[in-house]
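# Descriptive analysis of the structure
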Amino acid sequence: MEEVDVEPSTTFIPGAGVHQKHLGFEWGPGDLLVYETNHKLQAQRSLGSPLVHLVRKDEDICSPILRKLFNESHLIFVGLQKSKEDMPSKNRKSQFVSISKNYRSVIRACMEELQQSAVSTEDGSLASQYGDQVSILLAIELIWNLCEVLFIEAAPAGSLLLHLLDWVRLHKSDVDVKASEVLQSESPTQHPFYWDVVISLVLQGRTGEARQLLLKHGESSAVFRRMDALLQSMPVFNPAGTQTLTEFDVKWRHWHEECDRCLQDQTFASSPQLETICKLLVGDEDVLLEQKELLSTCMNMFLGPRASPEPLDVILLSAFEFDLHQLIKDCSIALNNWWFVAHLTDLLDHCNLLQSHNLQCVASPPCSFKRCFGSNLREFLVVEYASGLFTHHSLWQLAVDYLDHCPELGRVYLELQIERVPLDTERKAMKVLRICEERQMSEQGEEEAVLKRSVLSVSRFLQDYSNKGSFTDLDLLDNLGPAMLLSDRLTFLGKYREFHRLYGEKRFSDAARLLLSLMTAKIAPRSSAPVCVQVIFSVEQTYELMSCLEELNSESKDLDLMQQEEEEEDMESTRIELLRLALARNLAMAIVKEGTVEA
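A quick note: this is a predicted structure, and the numbers were derived from the prediction, not measured. (Residues numbered from 1 in each chain as written. Predicted model: local features only at pLDDT ≥ 70, side-chain atom pairs only at ≥ 80, totals over all residues. Heavy atoms only, no water.)

### What to know about the overall build of the protein
On a plain count of helices and strands, the protein comes out with 24 helices and three strands. Counted over contacts in the protein with a minimum sequence separation of 6, partners at least 24 positions apart contribute 58%. As displayed, the protein has an accessible area near 33900 Å², and 52% of this comes from carbon and sulfur atoms. (Helix = DSSP H or I, 4+ residues; strand = E, 2+ residues; numbered from the N terminus. Contact = heavy atoms within 4.5 Å. Areas by Shrake-Rupley, 256 points an atom, 1.4 Å probe, with all protein chains shown as cover.)

This is the structure:
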């Protein structure tokens, strides 16, 4: 396996390594489960508490605001897959550009909502969290926009330069704020930001605005007029004009030689700031490096190896080198979830910009799948993103559509994931069953149909038992099988049915232990607390049942009795008193019985 280019970040787990034991772990779709093993450590460590730690990498999936990003981008993704076949070849490029802009608009909408939430919240830690998420989305939108310019829109050389200038202006907007502050001051040329703003505008190619600020300067000397003439005469390519690239190149070289001649003649020696601007116009790398503080991180990449590259610079540099695979790899390492790389790779793949890049199995011996990571890079990333969505209680429905569009292993992963969706409500059971029926997943569909009937029958079973004192449709209860473990209420029904069977076979001791485990596990609904008078519990078991009864009574008073009618309240009190009386009698019998045995 290829090693990661950078060291992974360290995550500290409070209380890990308790009792001087090694830690084991299990990978999940979006998290890591860490637990203690039975293997002792040789070195002595500090004591802690025995806990199972859930280490989450993708915390964004729990953010209500970012869930809007997942939902909106899902619609764009599905629309792209459906429009692929119907899209005329001559209109594909414009259609792909439009889809890319839709993705970016969703990102910007989430950024604005996060910024508003950060300002409005009074929780400092929450505001900091929102700020971090905004920073990540800003970087994502910056990278996506550059990929859109270089790869998806892919304009000719002259137009490409203009699009890149627009890209710089869009993502370096703090210059406009400073320029407005300078112009609104009483003496703009004396403002501390005056020259910083002028130089920043020149660095962004906004020579017209730089000239306007220079005209605010009180000195009308020859050096200012000379600089104004250089900025005014700088060639700018016009895609709509008749000028060819060759003609533009000749004009550019001539203008560049004129700027260089001004430096050799020391035309701007009397004004260090104007001399700096002239050196920037000729591309002096030393001067560029001196102005590093005025550049955003996305422009530092052009300063060469003498400037320390930021992680974002490394990613953007891969884009400028047209190395898409390296760009996707760097983004996968730097970002904390698969959303960005999955959607960007899918769009680039539709544009036929990714060469076939199969990910072969590295297991020894090889696993049963021909390509255990997916048929190509796109499918691998989409499958990983969808698997993470399955860990969320509502976003799992979006993951189904993503796996539907993974031809190699999408159905295999869907069959595995759909079986693990907890069916805790009737509505959720119906959704899972409909998904299985629509995709003709017969085996899963039969299992989900049984589970659906089980979920739908829970309330009916409990109500019938409360009214009649016995179960109906015993065949369904006796054949729950492993489905019994998917819900606390199903587990209670299955185990309580087993209690009745043991009780009917007069295996009172086994029945008592089973009933006690149900009560102490706290999975029994309050309204279905069983009454067992004839079963002889031990003294210890009876004390535990008494404790459960008092806890049940306390919860009922807090939650239910305040809303009940007086008659229902009396009936509930009578039931509690009967249970107390039954347990008191059982305790007396158990004390006598255990005392007799000991004697």
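After that view of the structure, there is still more to cover.
### Looking at the packing of aromatic side chains
Applying the stated criterion across every chain yields a total of 13 aromatic pairs. Between Trp-167 and Phe-320, the aromatic rings sit 6.1 Å apart at their centres with planes inclined by 65°, giving edge-to-face as the arrangement. With Trp-167 in helix H4 (residues 157-170) and Phe-320 in helix H12 (residues 311-320), this pair connects stretches of sequence that are 153 residues apart. Trp-167 sits in the buried class, given a relative accessible area of 2%. Between Trp-338 and Phe-380, the ring centres sit 6.0 Å apart and the planes meet at 80°, which makes this aromatic pair edge-to-face. (Phe/Tyr/Trp six-rings, centres within 6.5 Å; stacked < 30°, edge-to-face > 60°. Buried < 20%, exposed > 50% of the residue type's maximum accessible area, 1.4 Å probe, protein only.)

### Things to note about helix H7 (residues 207-215)
Among the residues of H7, Thr-207, Ala-210, Leu-213 and Leu-214 are the ones counted as buried. The buried residues of H7 all sit within an arc of 120° when viewed along its axis, so they share a single face. Of the exposed residues in H7, the ones pointing more than 90 degrees away from its buried face are Gln-212 and Leu-215. Check the buried side of H7 and you find it contacts helix H5 (174-183), helix H6 (194-203), helix H8 (222-233) and helix H10 (272-281). (Arc of directions from axis to C-beta.)

### Quick word on the packing of H8 against H10
H10 packs onto H8 with a crossing angle of 20° between their chain directions and a minimal axis gap of 11 Å. On the basis of the axis angle, H8 is roughly parallel to H10. The handedness of the crossing between H8 and H10 comes out as left-handed. Here Val-223, Phe-224, Met-227, Leu-230 and Leu-231 of H8 lie close against H10, whose contacting residues are Leu-274, Ile-277, Cys-278 and Leu-281. Partitioned by chemical class, the residues of the contact of H8 with H10 number nine nonpolar, no polar and no charged. (Axes fitted to C-alpha atoms, helices over the stretch in contact; angles between N-to-C directions. Parallel < 35°, antiparallel > 145°, perpendicular 65-115°, else oblique. Left-handed = near helix turned anticlockwise from the far one by under 90°. Nonpolar A, V, L, I, M, F, W, Y, C, P; charged D, E, K, R; others polar.)

### Here's the deal with the pattern of salt bridges
Two side chains that carry opposite charge are able to pair once their charged atoms sit near each other. One pass over the full model with this rule turns up 15 salt bridges. A salt bridge links Lys-101 to Glu-148; the shortest N-O distance between them is 3.1 Å. Here the residue Lys-101 occupies a position in helix H2 (residues 92-120), and Glu-148 occupies one in helix H3 (residues 124-153), the gap between them amounting to 47 residues. Looking at Lys-101, the relative accessible area reads 40%, which means it is partly exposed. A relative accessible area of 1% places Glu-148 in the buried class. The residue Arg-104 makes a salt bridge to Glu-141 at a minimum N-O spacing of 2.7 Å. Linking Arg-104 in helix H2 with Glu-141 in helix H3, this pair joins segments that are 37 residues apart in sequence. Here the salt bridges do not stand alone but share partners, grouping Lys-101, Arg-104, Arg-108, Glu-141 and Glu-148 into one network. (Salt bridge = Lys/Arg side-chain N within 4 Å of Asp/Glu carboxyl O.)

### Section: unusual backbone geometry
Look at Ala-154: it is not a glycine, yet its phi comes out positive at around 45°. By relative accessible area, which is 35% here, Ala-154 ends up partly exposed. At Asn-352, a position not held by glycine, the phi torsion is positive, near 60°. Mapped onto the fold, Asn-352 is located in the loop between helix H14 (339-350) and helix H15 (377-389).

### A few points about the packing of H8 against helix H9 (residues 245-264)
Helix-helix packing: each pair is described by the crossing angle between the helix axes and the interaxial distance. Packing of H8 against H9 leaves a shortest axis separation of 10 Å and a crossing angle of 160°. Classified by the interaxial angle, the pair formed by H8 and H9 is roughly antiparallel. Crossing hand, H8 versus H9: left-handed. In contact with Arg-226, Leu-230 and Ser-233 of H8, H9 contributes Trp-255, Glu-258, Cys-259 and Cys-262. Considered class by class, the residues forming the contact of H8 with H9 number four nonpolar, one polar and two charged.

### Description of the environment of Val-421
Relative to the elements of secondary structure, Val-421 occurs in the loop between helix H17 (410-418) and helix H18 (426-438). Exposure remark for Val-421: the relative accessible area of 6% places this residue in the buried category. Separated by 31 residues in the primary sequence, Val-421 and Phe-390 have C-alpha atoms spaced 7.7 Å apart.

### Side note on the side chain of Asp-346
Looking at the secondary structure, you find Asp-346 in helix H14. The buried category is assigned to Asp-346, whose relative accessible area is 0%. Excluding residues within four positions of it along the chain, Asp-346 makes contact with Phe-77, Leu-80, Gln-81 and Arg-378.

### A closer look at H4
With 14 residues, H4 should cover 20 Å at 1.5 Å per step; its first-to-last C-alpha distance of 20 Å lies within 8% of that length. Within the span of H4, buried status applies to Gly-158, Ser-159, Leu-160, Leu-164, Trp-167 and Val-168. The secondary structure elements touched by the buried residues of H4 are H3, H9 and H12. (Expected span 1.5 Å × (residues − 1).)

### Quick word on the nonpolar core
In terms of nonpolar packing, the biggest core is built from 78 residues, with Leu-137, Trp-339 and Phe-340 touching the most fellow members. Of all the elements, H3 adds the most residues to this core, at 13 residues. Two domains each put at least three residues into this core: domain 2 (66-169 + 312-348) and domain 4 (422-518). The contact partners of Leu-137, leaving out residues within four places of it in the chain, are Leu-66, Leu-69, Ile-107, Cys-110, Met-111 and Leu-114. Judged by nonpolar contacts, the second largest core, of 33 residues, contains Leu-214, Leu-231, Cys-262 and Leu-274. (Core = buried A, V, L, I, M, F, W, Y, C linked by side-chain atoms within 4.5 Å. Domains from an automatic or database assignment.)

### Looking at the confidence of the model for the protein
The predicted model of the protein has a mean per-residue pLDDT of 76, with 68% of residues at 70 or higher. Contacts from residues 297-308, a stretch scored under 50 in pLDDT, to residues over four places away or in other chains number 27 contacts. (pLDDT = per-residue confidence, 0-100.)

### Concerning the side chain of Thr-345
For Thr-345, the location among the structural elements is in helix H14. Judged by its relative accessible area of 0%, Thr-345 falls in the buried class. Side-chain polar atoms of Thr-345 contact the backbone oxygen of Val-341, separated by 2.5 Å. Aside from chain neighbours lying at most four places away, what touches Thr-345 is Ile-328, Leu-354, Leu-377, Arg-378 and Leu-381. (Polar contact = N/O pair within 3.5 Å; in protein donor to acceptor, adjacent residues only side chain to side chain.)

### Observations regarding the environment of Leu-23
Mapped onto the elements of the fold, Leu-23 is located in strand E1 (residues 21-27). In this structure, the C-alpha to C-alpha distance between Leu-23 and Thr-37, residues 14 residues apart in sequence, is 5.7 Å.

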